[in-house]
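Structural overview for review
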Amino acid sequence: MDVLEAAFAEAYRRDAEGVWHAPGRVNLIGEHTDYNDGLVLPFALPRGVGVAAARRDDGVLELKSLQAADQGVTVDLGQSRGPGTIRTWAAYPFGVAELLRPLGIGGASLLFDSDLPQGAGLSSSAALECATAVALCELYGVEPDRRELARLAQRAENEYAGVPCGIMDQSASLLCTEGHALLLDCRTGLSSQVPLDLPGKDLTLLLIDTRARHALGDGDYGRRRAECERAATLLGVPALRDVQDLGAALSRLDDPVLRRRVQHVVTENHRVEATAGLLRAGAEQELGGLLTASHLSLRDQYEISWPEADLALEAALRAGARGGRMVGGGFGGSVIVLTATGRAGAVRDAITAAYRERGLAEPGFLEAIPSAGARRISMDGGLPG
Ligand code: ADP
Ligand code: MG
């Protein structure tokens, strides 16, 4: 028996009907483009949130997590309570369950376990939502389109957890496939799989946890969104994705802050297109420059980088890495660095040494391997009964 199934049996005194897994993600490039109706290029990580689950026929939803200090929550889905009912981590899966109810989903017991750091910019929140969504849907034999499911999970995060995130994280967790990145147009929701073959090109993408933590509720994220909306309004376009002539747009904005924000969003969108082009051509070797350009734009134009991220990237580049950038919302979280596999050890050591020199907590390292999206991982078949 799987460890999570055993923990489920212990927690709920009955057997799970299955175990599902939804991955976290790294966005290769396209940062803060999602809410500007632009392009992003995430891929799924080998790590994520697992959930063991079983139906309940009384409409009650039970949620427990091995990562949570609390006892979890028990809530009757029969009485629709809406956002605000639950104010702990359980708001995310509760929101998903409540939004899925009209599709025919009923009660269930869920136990979560995760090997993804929380708040590190790897989207543990979307993994939590998407694991809930795929588990409940399969338990109840409903099969919504995965793009619809991504929108539903996003709504759960927006409305139930109060986080104004875009559609990228949930799309990545649900739609990614092994060995590929997902080119996602955040305006249309249309996506395509782009091959991302790192081992075949003798490349390693290191994911570095800088140990600095962000809090999305802190207001910076909301401020950046508001600045982008204001700039779009001033420029008379529906979203910054629609800016065609960057020079002309910049000359029409008086506010230097808005000019910097527009500069980032528009050039970042172009970098996503350029990156997808390189990947389609099998030119993974040439990605480094685009990644570093993205970082510099996030640091200088969007102003959301943080000292530990800048330090990690500088140390990596000095040690011969091809490029890299901060990932996620900013002000904390992770950095990705692309390096020839033969240099990966030296790059790691250089980053660790730079951290030590400054007296910072040891950074964490993980090899980012493009992996599969959310799926069932045990006891296939036989459902719904
Ligand atoms: P990120 O998505 O970058 O990891 P967020 O702040 O968006 O950071 O989401 C982290 C939150 O998601 C946690 O504070 C917690 O509420 C919830 N969460 C993620 N994983 C788990 C888990 N395994 N168990 C319980 N809650 C989790
Ligand atoms: Mg998140």
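Keep in mind it's a predicted model, so treat the numbers as computed, not measured.

1. Some details on the packing of helix H3 (residues 124–139) against helix H4 (residues 146–160)
The contact between H3 and H4 brings their axes to 10 Å, and the two run at 125°. When the axes of H3 and H4 are compared, the pair comes out oblique. Crossing of H3 over H4 shows right-handed handedness. Residues Ser125, Ala126, Glu129, Cys130, Ala133, Val134 and Cys137 of H3 pack against Arg146, Leu149, Ala153 and Glu157 of H4. Of the residues belonging to the contact of H3 with H4, the class tally is 7 nonpolar, 1 polar and 3 charged.

2. As for the site of ligand 1
Neighbouring ligand 1 are 16 residues; Ser65, Gln67, Gly119, Ser124 and Ser125 lie closest to it. The separation between a nitrogen atom of ligand 1 and a polar side-chain atom of Ser65 is 2.6 Å. Note that a nitrogen atom of ligand 1 is positioned 3.1 Å from one of the side-chain N or O atoms of Gln67. Within the complex, the protein chains bury 85% of what would otherwise be the 560 Å² of accessible surface of ligand 1. The cavity that encloses ligand 1 is the largest pocket. Split into classes, the residues belonging to the shell around ligand 1 amount to 6 nonpolar, 10 polar and no charged.

3. Overview of the domain arrangement of the protein
One can read the domain layout of the protein as domain 1 (3–194 + 371–376) and domain 2 (196–367). Contact with domain 1, which involves 37 residues of that partner, is made by 44 residues of domain 2. Counting each side, the surface lost to burial between domain 1 and domain 2 is near 3,200 Å², with a carbon and sulfur contribution of 64%. Applying the counting criterion to the domain 1 and domain 2 interface returns 3 salt bridges. Scanning the region where domain 1 abuts domain 2 turns up 20 residue pairs in polar contact (both at pLDDT 80 or more).

4. So, the nonpolar core
Generally speaking, nonpolar side chains in soluble globular proteins are found buried as a group. Counting residues in each nonpolar core, the largest one holds 87 residues, and the members touching the most others are Leu28, Leu41, Phe43, Leu61, Leu63 and Leu110. It is H3 that contributes the most residues to this core, 10 residues altogether. Residues lining this core come from more than one domain, with at least three contributed by each of domain 1 (3–194 + 371–376) and domain 2 (196–367). When residues no more than four places from it in sequence are discounted, the contact partners of Leu110 are Phe8, Tyr12, Val51, Ala52, Ala53, Leu61, Glu62, Leu63, Lys64, Thr132 and Leu136. Grouped together as the second largest cluster of nonpolar side chains are 39 residues, Leu240, Leu253, Val262 and Ile304 included.

5. Side note on the sheet that holds strand E2 (residues 39–40)
Overall, antiparallel pairing links the 3 strands, which are arranged E2-E7-E8 in an open sheet. Every other strand in the sheet has two partners, leaving E2 and strand E8 (191–195) as the edge strands with one partner each. In this sheet, strand E7 (residues 180–185) lies alongside E2 in antiparallel orientation, the contact comprising 2 bridges. From the neighbouring strand, Val40 faces E7, where its bridge partner is Leu184. Contacts from helix H5 (residues 168–175) reach E2, E7 and E8, with the element oriented near 140° to E7. Docked against the sheet, helix H8 (residues 256–280) engages E2, E7 and E8, running at close to 50° with respect to E8.

6. Here we look at the pattern of salt bridges
For the coordinates displayed, the defined rule picks out 21 salt bridges. The closest approach of N and O atoms between Arg213 and Asp209, which form a salt bridge, is 3.0 Å. For Glu303, the salt bridge identified is with Arg261, shortest N-O distance 2.8 Å. Here the residue Glu303 occupies a position in the loop between helix H9 (288–300) and helix H10 (307–318), and Arg261 occupies one in helix H8, the gap between them amounting to 42 residues. Residue class for Glu303 comes out partly exposed when judged on its relative accessible area of 32%. Look at the salt bridges and you will find they share partners, linking Glu227, Arg260, Arg261 and Glu303 into a network.

Here is what the cut-offs are and how they apply
- Residues numbered from 1 in each chain as written.
- Chains lettered and ligands numbered in written order.
- Predicted model: local features only at pLDDT ≥ 70, side-chain atom pairs only at ≥ 80, totals over all residues.
- Heavy atoms only, no water.
- Axes fitted to C-alpha atoms, helices over the stretch in contact; angles between N-to-C directions.
- Helix = DSSP H or I, 4+ residues; strand = E, 2+ residues; numbered from the N terminus.
- Parallel < 35°, antiparallel > 145°, perpendicular 65-115°, else oblique.
- Left-handed = near helix turned anticlockwise from the far one by under 90°.
- Contact = heavy atoms within 4.5 Å.
- Nonpolar A, V, L, I, M, F, W, Y, C, P; charged D, E, K, R; others polar.
- Near = heavy atom within 4 Å.
- Polar contact = N/O pair within 3.5 Å; in protein donor to acceptor, adjacent residues only side chain to side chain.
- Areas by Shrake-Rupley, 256 points an atom, 1.4 Å probe, with all protein chains shown as cover.
- 1 Å grid on protein atoms, 1.4 Å probe; cavity = no way out; pocket = protein on both sides within 12 Å on 5 of 7 lines; lining within 4 Å.
- Sits in = over half its atoms within 2 Å of the grid points.
- Domains from an automatic or database assignment.
- Buried area = accessible area lost by both parts, 1.4 Å probe.
- Salt bridge = Lys/Arg side-chain N within 4 Å of Asp/Glu carboxyl O.
- Core = buried A, V, L, I, M, F, W, Y, C linked by side-chain atoms within 4.5 Å.
- Buried < 20%, exposed > 50% of the residue type's maximum accessible area, 1.4 Å probe, protein only.
- Pairing = 2+ DSSP bridges.

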